[in-house]
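# An overview of the molecular structure
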Amino acid sequence: MDLAAITLASNESARIAHGLDLVTRALTATGTTVRRDPELAPRSSDTLRMLVGVRSADSPIGTLEEQDVLLYNTGAPGEGGFYLAHLPGGLVVVTGGDDAGVLYGCQELARVITRTGGVPRDLDRGETPDMTLRGPAIGLQKTEVEPPRQVYEYPITPDRFEWFYDREHWLTVLDELFEHRANVIYLWSGHPFSSFVALPDYPEAQEVTDDELALNAATLSWLTEEADRRGIWIVVKFYNIHIPLPFAEHHGIPLRQPRPTPLTSRYTRAAIGAFVARYPNIGLYTCLGEVLQGDLYGQEWLLETIIPGVLDGVDAAGLAELPPLILRGHAIDPHPVVTAAREVYPRLYTEAKYNGESLTTWNPRGEWQEQHRFLASLGSTHIANVHILANLEPFRFGAVGFIQRSAQAMKHRLNAQGLHLYPLFYWDWPWSPDRAEPRLRQIERDAIWFHAWLRYAWRADRDPSAEQTYWTAVLAEQYGSEEAGAAALATYEAMGQIAPLLVRRVGITEGNRQTLSLGMTLSQLLEPEAHRTWPDLWQSHAPGGERLQEYVERELRGEAHLGETPIDVAADVRHFAALATRAADSGRPHVRLAAGEFARLRQDAHALALLAEFYALRIEAGALILRARSQAFRGERTDIAELEHAAELIEASVAHYRDLADLTDATYLYANSMRTPQRRVPFRDGRAYGHWRECLPEFEEESAALTAAVRSVAERGWPLPGSGPGADVVPFRAAPVQVRPGTAFDLDVGQSVFSDRSMLIERVAPELAGTRAFRMPVERSANGPADLELDLPADAHLLVGYVKSPDPQWLQVPDLEVNTHADDQGGLDPVLRSAIEVSIPAARSDEAQRLLIDVHAFAFTAGRHMFTPGPGAYLVLGAVVADQEFTRRDAADASVGPPDLLQHLLAARSAEEVTA
C-alpha cells in the first residue's frame with residue numbers, strides 16, 4: 001500500500017505524538033505516504049488504515065472490542081502495556097493501557113516496519129511489563145565532600161554539574177533509555193529544593209544565584225518535557241533532615257539536624273510545597289534515615305512535615321489527584337511508618353535495596369526478603385533498588401544471565417513492581433573510570449548494563465537459549481562479527497560471577513565502605529568482626545554457607561560442610577576467571593568494529609583474573625592460619641610448616657596484586673567512585689587509597705610483616721615479644737572537659753558506672769588509668785535520646801563507652817551502611833575493645849550478669865557542643881588530647897585462654913591499618 005491514514009482514538013498527548021512520529025518516519029522510509037484523518041476512513045484497497053489510542057469503552061477501540069473484531073490473544077494491555085493487531089479490511093490497531101502503552105506500541109510497530117518493510121498482515125500480539133517502574137538513578141552528587149558541607153550536600157551549579165545543563169547529552173541518555181522502555185529517572189540529591197525554587201519567606205535558604213536558579217528551573221522543565229515525550233517520569237530524591245548551608249549559618253544552627261525542630265520543619269514544608277507547585281509533574285522520593293534518626297523521628301517527619309508540604313503544593317497547583325510519593329525503606333523500620341502514612345497519603349510507593357549496596361546473589365533471602373514482601377503486600381507500587389554496586393566497581397558488568405535471574409528474583413521472590421537501577425560508577429556520573437581520552441561516558445561504556453536490566457524489568461521470564469542468541473546478536477553488531485559477539489558474551493557472563501562470589505562469602509560488608517576490587521587485609525579476612533561486619537551480607541544477600549572461621553572449625557571437627565564455603569569460592573572464581581580470559585583472548589582476532597572497547601573488555605577480564613587469584617591465595621592462606629590458631633587454643637601442636645606455607649601464599653597473592661596494579665595503571669583512573677573517608681576497606685580514605693598502585697605498598701608491608709612474624713615464631717616460639725595483649729600499654733593522656741548532665745567520678749574497680757543502677761566495675765584497662773568519667777542515670781535514655789552538652793577548652797576526643805549487647809536499652813554503634821555520617825567524628829570503630837568489665841548484682845551473687853564495654857573516641861574542636869548519639873544508655877569516660885594515638889587492641893584479660901596466635905601474627909600490621 002502506498003498510503004497510510006492514521007486516526008486517533010484518544011487525545012494526543014506528548015507521548016502519543018512522539019509515538020506517531022516514530023511510526024510516520026518508519027512508514028515514510030518505505031515509500032508510504034502518511035496522512036492524518038480525524039475519522040476512521042472507509043475500507044480501501046490502496047490505503048492502510050491505522051487506529052491509535054488508549055483503550056476506552058466509549059472509543060472506536062472499545063467498539064471493535066464489543067464487536068469481537070479486536071481480540072486480545074495475549075491478554076488486554078495493562079498499565080504501560082500495548083497491543084498491535086492487523087484486522088480485516090486493512091485496519092491496524094495500536095492501543096495501550098495508557099499513553100505510555102500507546103507510545104511503546106508505536107515504538108514496536110515502527111521497529112516491525114523497519115525490519116520487514118511494512119506491516120505484516122498476521123500481526124497480532126501485545127506485551128505488558130512485569131514492572132510498572134523501570135529506570136536508573138542519576139546522582140546530582142560528587143565524588144568528594146565540600147567542607148563545611150556534608151556528604152550529599154551540593155548546590156546545583158554549572159561548575160559542579162556541567163553535565164546537568166548539557167542538553168545534547170541528555171537527549172542521548174533519554175533516547176537510549178527509551179529504546180529499552182525505561183519510564184523513570186530518579187535524580188538523587190541531598191537537598192535539591194534550594195537550587196530549584198525561591199522562597200520569599202526564607203530568602204536565606206537559596207544556595208545559588210538568581211541567574212543560576214533561573215537556569216536550573218529552565219533546565220529541569222525542559223528535561224521533564226523531553227523525558228515525558230519518551231514516556232519517562234522524572235523523580236527527585238532527597239534526604240532528611242538536610243538544610244542549606246546559608247540557612248544554617250543565618251539561623252546559627254548546626255548543619256547536621258538529627259531530629260525535627262519547629263524551624264527546620266516549617267522551612268522544609270515550605271520548600272516541598274513550593275517545589276510541587278512549581279514542578280507538578282515531577283515525583284518526590286524521600287529517605288527518612290541516615291542523618292535523621294529514622295526509627296525515632298521518621299514517622300513524625302513524614303506525617304507532620306513532608307506530606308503536609310506535598311499537600312500544600314497540590315493545592316497551590318490545583319492538581320486533581322495526589323502525585324505518587326516514594327518512601328525509601330533505608331535506615332528505618334518501614335513497617336510502622338508506611339502503615340501510618342498510607343492512612344493519610346494513599347499514593348505512597350515504597351522502595352528497598354535489592355542486595356544492599358552491592359550485587360551479590362540472584363537469590364535474596366532472610367529478613368530483607370521478608371521486608372520486600374511486606375512492602376509489596378500493601379497494595380501500592382514497591383520498587384527494588386539495585387544500589388551503589390560497590391563490589392563491581394570499577395569494572396564492566398554484562399553478565400546478562402545474572403541480571404535476568406536477579407530480575408526474576410525481584411518478581412517472584414520479592415514481589416517487586418519496580419526497578420531502581422544504579423549506574424556502575426554512580427558517584428562520578430556521567431563519566432566512567434577508564435583511563436581514556438576523551439573520557440568515556442557511562443551511558444555508552446555500560447550500555448549492556450542498562451539494556452539488560454531494563455529488558456528483564458519489562459519481562460523477566462524469557463527462554464535462556466533464545467536470550468543467548470539475542471545477546472550474541474547485540475554484541476555481534478557492536479563488534480562486527482558473530483564470533484566476536486559470542487566471545488564478548490562469554491567474557492561478560494564469566495566475569496560477572498567473580499565479584500559477587502567473593503564479597504558474599506569473605507567480605508566485610510555489601511556496603512560502600514568496602515571497595516572489593518582493592519583487596520582485603522589479612523586482619524579483615526581472618527578477624528572480620530574487628531572491622532564491623534554487616535551480617536545481612538551472608539544472612540540475606542548470599543546463599544546459605546560458611547564464613548572462613550566456620551569452615552576451619554568444621555574441618556578440625558571433621559564435620560560435613562554446609563552450603564557455599566570460602567574454599568568453594570576460591571575454586572569457583574579461578575574457574576570463571578579462566579573462562580573469561582580464554583573467551584576474551586579467543587574473540588580478539590574476530591573483532592571488526594569498536595576494537596578499543598573490546599580491548600578494554602579484555603583488559604577487565606585479565607584484571608579480574610588477577611584479583612580472583614589474589615583472593616583465592618589469601619583464602620587458602622587464611623584457612624591455614626586459622627587452623628594453626630585453633631590448634632593453639634586447644635593446646636595442640638602448631639605446624640610451623642603450614643604457617644610458613646601460608647606466608648608464601650600471601651607473598652604470591654601480593655605478586656598478583658602487583659601485576660594488577662601494573663595493568664590498571666594503564667586502564668583506570670581509580671577504583672571507587674565515592675572517594676571519601678566512608679571508604680574504609682581495605683584502607684581508610686577512598687581518596688588516598690583509590691587505586692591499586694596506592695594500596696600495593698600496604699599489602700607488601702603486610703606480607704613482609706607476616707613472613708617475619710612466622711620466622712620469629714619458628715625460631716623463638718610464641719607469644720612474640722611486645723605483641724601480646726596489654727603489651728607496652730601507656731595510659732591515655734586526659735584532656736579537660738565539662739559534661740552536662742553528669743557527675744564526675746574516678747574510673748576505678750568497685751565504682752558504679754550509672755547513678756540509678758548498680759553496675760559495678762570489675763576490671764578497667766590500664767589505658768584508662770586516672771580517667772575521670774561522668775555518671776548519668778540509665779533511665780534518662782528510656783524517654784528518648786540522652787544528649788549531652790560539652791565544654792572543651794581545647795580540641796579533644798570524647799571517650800564514650802558502648803555496652804557490648806544487642807539489647808536496645810543500650811546505645812548501639814551506628815553503621816555506615818545506614819548512616820553515611822556515622823563516622824564524621826571518628827567514633828565508629830572502638831579505640832579500645834573490652835576495656836571495662838562491669839557486673840550487675842542479682843538476687844544470688846553467683847548469678848551476677850557481666851557485661852563488656854568498648855571505648856569509642858569522638859573528635860571535637862574546642863568550644864561548646866551537643867553530643868547526640870541516638871537512643872540507648874552509654875558511658876561517658878572523659879576526654880583525651882586531640883593527638884592521642886590509639887592501638888585499638890582488645891583489653892580482655894590475657895589470662896583467659898592461651899595467647900592468640902592470630903593476634904601475634906597480625907599485631908604489627910593491624911595496629912597500623914586501623915590508625916592510618
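Residues numbered from 1 in each chain as written. Predicted model: local features only at pLDDT ≥ 70, side-chain atom pairs only at ≥ 80, totals over all residues. Heavy atoms only, no water.

### Side note on the overall build of the protein chain
To be explicit about the condition: Working definition: helices are DSSP H or I runs of at least four residues, strands are E runs of at least two. Numbering for both runs from the N terminus. Between the two quantities, the radius of gyration covers C-alpha atoms and the globule rule is 2.2 Å times the number of residues to the power 0.38. Categorising residues by exposure relies on relative accessible area from a 1.4 Å probe, with only protein chains included: less than 20% of the type maximum marks a residue as buried, more than 50% marks it as exposed, and the intermediate range marks it as partly exposed. Here, residues are in contact when the closest pair of their heavy atoms is within 4.5 Å. Calculation of accessible area relied on Shrake-Rupley with a 1.4 Å probe; when residues are assessed, cover is drawn exclusively from the protein chains displayed.
Along the backbone of the protein chain there are 24 helices and 25 strands. Taking 29 Å as the expected radius of gyration for a compact globule of 916 residues, we find that the protein chain reaches 31 Å, a close match to that expectation. Here the protein chain, with 916 residues, has 60% of them falling under the buried criterion. Taking contacts inside the protein chain between residues at least 6 apart in sequence as the whole, the part at least 24 apart equals 76%. Here the protein chain has roughly 34000 Å² of accessible surface; of this, 50% comes from carbon and sulfur atoms.

### Some thoughts on the packing of aromatic side chains
Two numbers describe a pair of aromatic rings. These are the distance of the centres and the angle of the planes. Which entries qualify depends on this criterion: Aromatic rings from Phe, Tyr and Trp, taking only the six-membered ring of Trp, are treated as a pair when their centres fall within 6.5 Å; an angle between ring planes under 30 degrees marks them as stacked, one over 60 as edge-to-face, and anything in between as tilted.
By the definition in use, this model includes 49 aromatic pairs. On the numbers, 5.2 Å between centres and 85° between planes, the contact of Phe 164 with Tyr 165 is edge-to-face. Just as Phe 164 is buried, Tyr 165 falls in that class too. Pairing Trp 449 with Trp 453 gives two aromatic rings, centres 5.7 Å apart and planes at 70°, and the pair type is edge-to-face.

### A few points about the environment of Asn 183
The criterion, for reference: Polar contact is the term for a pair of N or O atoms within 3.5 Å; when the atoms are in protein, one must be able to donate a hydrogen and the other to accept it, and sequence-neighboring residues count only if both atoms are side-chain atoms.
Along the chain, the position of Asn 183 falls in the loop between helix H4 (167–179) and strand S8 (184–188). A polar atom in the side chain of Asn 183 sits 2.7 Å from the backbone oxygen of Thr 132.

### Details of the nonpolar core
For soluble globular proteins, nonpolar side chains are generally found buried alongside one another. Here is the rule we go by: The definition of a nonpolar core used throughout is a set of buried Ala, Val, Leu, Ile, Met, Phe, Trp, Tyr and Cys residues joined through side-chain atoms within 4.5 Å.
Judged by nonpolar contacts, the single largest core of 189 residues is most densely connected at Phe 164, Trp 170, Tyr 186, Phe 275, Leu 284, Met 410 and Trp 449. Here this core gets 20 residues from one element, more than from any other, and that element is helix H21 (residues 595–633). Excluding residues within four positions of it along the chain, Met 410 makes contact with Met 131, Tyr 354, Ala 384, Val 386, Asn 415, Ala 416, Leu 419 and Trp 453. Grouped together as the second largest cluster of nonpolar side chains are 31 residues, Val 753, Ala 765, Trp 810 and Leu 851 included.

### Examining the sheet that holds strand S6 (residues 124–127)
Filter applied, for reference: Pairing between strands is defined by DSSP: at least two bridges between them are needed. Each axis is a line fitted through C-alpha atoms, and for a helix only the stretch in contact is used; angles between axes span 0 to 180 degrees, taken between their N-to-C directions.
Pairing is mixed in the open sheet, where 6 strands are placed in the order S2-S1-S3-S5-S4-S6. Strands with a single pairing partner mark the edges of an open sheet, and in this sheet they are strand S2 (33–36) and S6. Geometrically, the sheet is characterised by an average inter-axis angle of 15° between neighbouring strands, direction not taken into account. As paired strands, strand S1 (residues 3–8) and S2 are joined by 4 bridges and run parallel to one another. Counted as the bridge partner of Leu 3 is Thr 33 from S2. Set on the sheet, helix H1 (residues 14–29) makes contact with S1, S2 and strand S3 (47–54); between it and S1 the angle comes to about 175°.

### A look at the packing of helix H20 (residues 566–587) against H21
Our working definition: When describing relative orientation, an angle under 35 degrees is termed roughly parallel and one over 145 degrees roughly antiparallel, while 65 to 115 degrees is termed roughly perpendicular and anything else oblique. Should the near helix be turned anticlockwise from the far one by less than a right angle, the crossing is termed left-handed; should it be turned clockwise, right-handed. Throughout, the ten residues Ala, Val, Leu, Ile, Met, Phe, Trp, Tyr, Cys and Pro are labelled nonpolar, Asp, Glu, Lys and Arg are labelled charged, and all others, Gly among them, are labelled polar.
At their nearest, the axes of H20 and H21 sit 9 Å apart, and the two run at 160° to each other. When the axes of H20 and H21 are compared, the pair comes out roughly antiparallel. As H20 packs across H21, the resulting crossing turns out to be left-handed. Residues Pro 566, Ile 567, Ala 570, Val 573, Arg 574, Ala 577, Ala 580, Thr 581, Ala 584, Asp 585 and Gly 587 of H20 pack against Phe 598, Arg 602, Ala 605, His 606, Ala 609, Ala 612, Glu 613, Ala 616, Leu 617, Ile 619 and Glu 620 of H21. Each residue belonging to the contact of H20 with H21 can be placed in one class, and the counts come to 14 nonpolar, 3 polar and 5 charged.

### Considerations on the sheet that holds strand S12 (residues 348–353)
Taken together, the 8 strands give a closed barrel; going around it, the order is S7-S8-S9-S10-S11-S12-S13-S14, and neighbouring strands pair in parallel fashion. The average angle at which neighbouring strand axes cross in this sheet is 25°, direction not considered. Sheet topology places S12 next to strand S13 (residues 382–386); 4 bridges connect them, and they run parallel. In the sheet register, Thr 350 faces S13, and the bridge partner there is His 382. Its contacts with the sheet put H4 on strand S7 (133–139) and S8, and the angle it makes with S8 is roughly 135°.

### A word on H1
Put simply, the rule reads: To estimate how far a helix should reach, multiply one less than its number of residues by 1.5 Å.
In a regular helix each residue adds 1.5 Å, so 16 residues correspond to 22 Å; H1 covers 23 Å between its end C-alpha atoms and thus fits that length. Of the residues making up H1, those classed as buried are Arg 15, Ile 16, His 18, Gly 19, Leu 20, Leu 22, Val 23, Ala 26 and Leu 27. Where H1 is buried, its residues touch S1, S2, S3, helix H3 (99–116), H4 and helix H6 (210–229). Phi turns positive, to about 90°, at Gly 31, one or two residues after H1.

### Details of the environment of Val 208
Relative to the assigned elements, Val 208 resides in the loop between helix H5 (193–196) and H6. Once the C-alpha coordinates of Val 208 and Arg 278 are considered, the two residues, 70 residues apart in sequence, prove to be 17 Å apart. Not counting residues up to four positions away in its chain, the partners in contact with Val 208 are Pro 155, Ile 156, Thr 157, Ser 194, Ser 195, Leu 213 and Asn 216.

### Some points on unusual backbone geometry
Looking along the chain, the bond that leaves Glu 437 and enters Pro 438 is cis, with omega of -5°. Here Pro 438 lies in the loop between strand S14 (418–421) and helix H13 (442–445). For the peptide bond that leads from Val 681 to Pro 682, omega is 15°, which places it in the cis range. Mapping Pro 682 onto the fold places it in the loop between helix H22 (640–667) and helix H23 (692–716). Positive phi is not limited to glycine here, since Ala 594 has a value of about 50°. Positive phi, normally seen in glycine, also occurs at Ser 834, with a value near 50°. Relative to the assigned elements, Ser 834 resides in strand S22 (residues 832–840). Ser 834 sits in the buried class, given a relative accessible area of 2%.

### As for the side chain of His 18
Along the chain, His 18 turns up in helix H1. Take His 18: its relative accessible area is 7%, and that puts it in the buried class. Among all residues touching His 18, those that are not within four sequence positions of it are Leu 103, Phe 178, Arg 229 and Arg 230.

### Points about the pairing of S7
Two faces, one strand: in a regular strand the side chains alternate between the faces of the sheet. Put simply, the rule reads: For the handedness criterion, the strands are oriented away from the viewer, and a crossover whose path from the first strand over the helix to the second runs clockwise is classed as right-handed.
Most of S7 is tucked away: 7 of the 7 residues are buried. As paired elements, S7 and S14 share 4 bridges and run parallel to each other. Residue pairing in the sheet places Leu 133 in a bridge with Gly 418 of S14. Bridging between S7 and S8 involves 3 bridges; their strand directions are parallel. Residue pairing across strands places Ala 137 opposite Tyr 186, the latter belonging to S8. Running through H4, the crossover from S7 to the neighbouring parallel element S8 is right-handed.

### Observations concerning the pattern of salt bridges
Selection criterion: Salt bridges are defined as contacts in which a side-chain nitrogen from Lys or Arg sits within 4 Å of a carboxyl oxygen from Asp or Glu.
Counted by the stated rule, this structure contains 63 salt bridges. For Glu 108, the salt bridge is made with Arg 111, and the minimal N-O distance between the two is 3.6 Å. A residue pair is termed a helical-turn pair when its members lie 3 or 4 positions apart in one helix, as Glu 108 and Arg 111 do in helix H3 at 3 residues. On the basis of relative accessibility, which here comes to 9%, the residue Glu 108 falls in the buried class. Judged by its relative accessible area of 24%, Arg 111 falls in the partly exposed class. A salt bridge links Arg 675 to Glu 144; the nearest nitrogen and oxygen atoms lie 3.5 Å apart.

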